[in-house]
Amino acid sequence: MAKPDRPSSIDRLPAEVRDLIASLRRDGSTIDEIMAKLGELRVDVSRSALGRHVKSLSAIATRMRESRAIGEALVAQFGEEPDNRLARANLELMHSVVMQTITAAEIDPETGEAKPVLFDPEQAMFLARSLQSLASAEKTNSDRMIKAKELATKEAAKKAEGAAKAKGLSADTVDFIRKAVLGSDA
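Throughout this document, residue positions are counted from 1 along each chain, in the order its sequence is written. Local features in a predicted model are, by the rule used here, given only for residues with pLDDT of at least 70; side-chain atom pairs are given and counted only at 80 or more, and totals for whole chains, interfaces and linings are based on all residues. Note: side-chain values were computed over all heavy atoms of the structure, leaving out hydrogens and water.

## Considerations on the overall build of the protein chain
Scanning the protein chain from terminus to terminus reveals 6 helices and 2 strands. Going from the N terminus to the C terminus, the protein chain shows its helices and strands as α-α-α-α-β-β-α-α. A buried classification covers 20% of the 186 residues belonging to the protein chain. Taken as a whole, the protein chain presents about 13300 Å² of accessible surface, with 57% of it coming from carbon and sulfur. A helix here means a DSSP run of H or I that spans at least four residues, while a strand means a run of E at least two residues long, and both kinds are numbered starting from the N terminus. Three exposure classes are used, based on accessible area relative to the maximum for each residue type with a 1.4 Å probe and protein chains only: buried under 20%, partly exposed in between, and exposed over 50%. In this description, accessible areas are obtained by the Shrake-Rupley approach with a 1.4 Å probe, and a residue is regarded as covered only by the protein chains that are shown.

As structure tokens, then:
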């Protein structure tokens, strides 16, 4: 069994060869087709090492697709206000990273088996602080959005009041319109 900190035989290949492997796999090449191409280039790797590497590439691609899907869903969900959309997307992505960290598994390079990642006390403390910061950021964003909505409502009431006065409506009617826009007896 290989040591966990020892790079695999594929990881020790030149970057160009690793990029070629990734490119061939992305284009749909099978492990045997990749092995044939590596043979043409006189790159000596075992089929099992290549299989493990391709499996890890697949796991990375899956995570990237999931992250992309989350990002697209967030943009669709949080409306047209760019600041709110960006803030909410950042919060949701941070939440996703925290959840991936908690549920992470390491792939044994020899057996290909997933093993849960264990946290030491320092990592647990860092994760707790991350969650606390995330909760604080969500509260700050929520407070900011409430304040922005209140300001927009007050501005709308002011404009409606000005328009009603400009049309010569009675003071009672102007007051009624202002209260209707504000949604209260303000």
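We are not done yet, so read on.
## Thoughts on the layout of surface pockets
The calculated volume of the second largest pocket comes to roughly 300 Å³. Surrounding the second largest pocket, Ala22, Arg25, Arg26, Val54, Leu57, Ser58, Ile60, Ala61, Met64, Arg65 and Arg68 form its lining. The greatest single-element share of the lining of the second largest pocket, amounting to 8 residues, is contributed by helix H3 (residues 47-77). A per-class count over the lining of the second largest pocket returns 6 nonpolar, 1 polar and 4 charged. Space inside and on the surface of the protein is sampled on a 1 Å grid over the protein atoms alone, with a cavity defined as a set of points where a 1.4 Å probe fits but cannot get out and a pocket as an open set with protein on both sides within 12 Å along at least 5 of 7 lines; lining residues have an atom within 4 Å of a point. Grid points are joined across faces, edges and corners, and a volume is the space filled by probe spheres set on the points. Each residue gets one of three labels, nonpolar for Ala, Val, Leu, Ile, Met, Phe, Trp, Tyr, Cys and Pro, charged for Asp, Glu, Lys and Arg, and polar for the others, Gly among them.

## A look at the pattern of salt bridges
In the sections that follow, a salt bridge refers to a side-chain nitrogen of Lys or Arg positioned within 4 Å of a carboxyl oxygen of Asp or Glu. According to the stated counting rule, one finds 6 salt bridges in the structure shown. Two residues, Asp143 and Lys139, come together in a salt bridge whose shortest N-O distance is 3.0 Å. Residue Asp143 and its partner Lys139 are both found in helix H5 (residues 121-166); the two are separated by 4 residues, about one turn of the helix. A cluster of three or more residues bridged by salt bridges with shared partners is formed by Asp175, Arg178 and Lys179.

## Side note on the side chain of His53
Tracing the chain through its elements places His53 in helix H3. The buried category is assigned to His53, whose relative accessible area is 12%. Contact between two residues is taken to exist if any of their heavy atoms lie within 4.5 Å; hydrogens are not considered. With residues up to four places along the chain from it excluded, the contact list for His53 reads Ile10, Asp11 and Ile21.

## Quick word on helix H6 (residues 171-182)
The span you would expect from a helix comes to 1.5 Å times its residue count less one. The end-to-end C-alpha distance of H6, which contains 12 residues, comes to 16 Å, matching closely the 16 Å that a straight helix rising 1.5 Å per residue would cover. At the C-terminal side of H6, Gly183 shows a positive phi close to 75 degrees.

## Overview of the side chain of Ser29
Relative to the elements of secondary structure, Ser29 occurs in the loop between helix H1 (15-26) and helix H2 (31-40). The buried category is assigned to Ser29, whose relative accessible area is 14%. Apart from the residues within four sequence positions on either side, Ser29 is in contact with Leu24 and Ile34.

## What to know about the packing of H1 against H2
Two quantities define a packed helix pair, namely the angle between the helix axes and the distance between the axes. Angular values range over 0 to 180 degrees, each being the angle between N-to-C directions of two axes fitted as lines to C-alpha atoms, with helices fitted over their stretch in contact. The geometry of H1 relative to H2 is characterised by a closest axis approach of 10 Å and an angle of 145 degrees between their N-to-C directions. The handedness of the crossing between H1 and H2 is right-handed. Across the interface between the two elements, Val17, Leu20, Ile21, Leu24 and Arg25 of H1 pack against Ile31, Ile34, Lys37 and Leu38 of H2. Classifying every residue of the contact of H1 with H2 by side-chain character gives 7 nonpolar, no polar and 2 charged. Note on convention: the crossing is left-handed when the near helix lies turned anticlockwise from the far helix by less than a right angle, right-handed when the turn is clockwise.

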